[in-house]
Amino acid sequence: QVQLVESGGGLVQAGGSLRLSCAASGSINSLNTMGWYLQAPEKSRELVARITGVGTTNYADSVKGRFTISRDKSKNTVYLQMNSLKPEDTAVYYCYARALAIGTMTWSDYWGQGTQVTVSS
């Protein structure tokens, strides 16, 4: 099995910064795209940022210039540096990974448990 464990969420004042981390572990043969999605109350899950296996990045328009996604392939970890945070960034942030699992040798999508980010004004 593959697990994604997020950390780094919390409460921060508007204009502040947070750094989210997501470490993938378990029966992983290979990781491809990893990313971060948010889900605000009564809203559907939507893309914040993603990074492919070759380093191509994509960002939601609302976070361009403020957030930066990166990864450390040696640690199977993806990061989201969140700067200039706004109250509207408040949401649960979920880590995503597309992984080739040992055993099944099948590509599947995996999700973390979510980490709460709250930005106060």
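See above for the structure.
Throughout what follows, the structure given in this document is the object of discussion. (Residues numbered from 1 in each chain as written. Predicted model: local features only at pLDDT ≥ 70, side-chain atom pairs only at ≥ 80, totals over all residues. Heavy atoms only, no water.)

**With respect to the pattern of salt bridges**
Piece 1. Across all of its chains, the model carries 3 salt bridges by this definition.
Piece 2. Salt-bridge contacts for Asp-89 lead to Arg-66; the nearest nitrogen and oxygen are separated by 2.8 Å. One end of the pair, Asp-89, is in the loop between strand E8 (77-82) and strand E9 (91-101); the other, Arg-66, is in the loop between strand E6 (57-59) and strand E7 (67-72), and 23 residues separate them in sequence. The pair formed by Asp-89 and Arg-66 is uniform in burial state, with each residue classed as buried.
Piece 3. Residue Asp-109 pairs with Arg-98 through a salt bridge whose shortest N-O separation is 3.0 Å. One end of the pair, Asp-109, is in strand E10 (residues 107-111); the other, Arg-98, is in strand E9, with 11 residues separating them in the sequence. (Salt bridge = Lys/Arg side-chain N within 4 Å of Asp/Glu carboxyl O. Helix = DSSP H or I, 4+ residues; strand = E, 2+ residues; numbered from the N terminus. Buried < 20%, exposed > 50% of the residue type's maximum accessible area, 1.4 Å probe, protein only.)

**What about the nonpolar core?**
Piece 1. Counting 33 residues, the largest nonpolar core has Trp-36, Val-48, Phe-67, Val-78, Leu-80, Met-82 and Tyr-93 as the members making the most contacts within it.
Piece 2. Broken down by secondary-structure element, the contributors of at least two residues to this core are strand E1 (2-7), strand E3 (18-26), strand E4 (28-39), strand E5 (46-51), E7, E8, E9 and strand E11 (115-120).
Piece 3. What Phe-67 contacts, discounting residues up to four positions off in sequence, is Val-48, Tyr-59, Leu-80, Gln-81, Met-82, Asn-83, Leu-85, Asp-89 and Tyr-93. (Core = buried A, V, L, I, M, F, W, Y, C linked by side-chain atoms within 4.5 Å. Contact = heavy atoms within 4.5 Å.)

**Considerations on the environment of Ser-121**
Piece 1. Secondary-structure assignment places Ser-121 in the segment after E11.
Piece 2. The exposure class assigned to Ser-121 is exposed, which follows from its relative accessible area of 91%.
Piece 3. Sequence separation between Ser-121 and Arg-71 is 50 residues; the distance between their C-alpha atoms is 30 Å.
Piece 4. If sequence neighbours within four positions are ignored, Ser-121 has contacts with Ala-14 and Pro-87.

**Brief notes about the environment of Trp-36**
Piece 1. Here Trp-36 lies in strand E4.
Piece 2. Using a relative accessible area of 0% as the deciding quantity, one classes Trp-36 as buried.

**Notes on the packing of aromatic side chains**
Piece 1. If you walk through the whole model with that rule in mind, you get 3 aromatic pairs.
Piece 2. A ring pair is formed by Tyr-37 and Tyr-96, whose centres lie 5.8 Å apart and whose planes are at 70°; its orientation type is edge-to-face. Of this pair, Tyr-37 sits in strand E4 while Tyr-96 sits in strand E9, and the two are 59 residues apart along the sequence. In this structure, Tyr-37 and Tyr-96 share a single accessibility class: buried.
Piece 3. For the ring pair Tyr-96 and Trp-111, a centre distance of 5.2 Å and an interplane angle of 55° mean the geometry is tilted. One end of the pair, Tyr-96, is in strand E9; the other, Trp-111, is in strand E10, and 15 residues separate them in sequence.
Piece 4. Note on Trp-111: relative accessible area 38%, which makes it partly exposed.
Piece 5. What links up through ring pairs into an aromatic cluster is the set Tyr-37, Tyr-96 and Trp-111.
Piece 6. The residue whose ring lies beneath Arg-19 is Tyr-79, and the NZ or CZ to ring-centre distance is 4.1 Å.
Piece 7. The lysine or arginine in question, Arg-45, covers the ring of Trp-111, its NZ or CZ lying 4.8 Å from the ring centre. (Phe/Tyr/Trp six-rings, centres within 6.5 Å; stacked < 30°, edge-to-face > 60°. Lys NZ or Arg CZ within 6 Å of the ring centre and 35° of its normal.)

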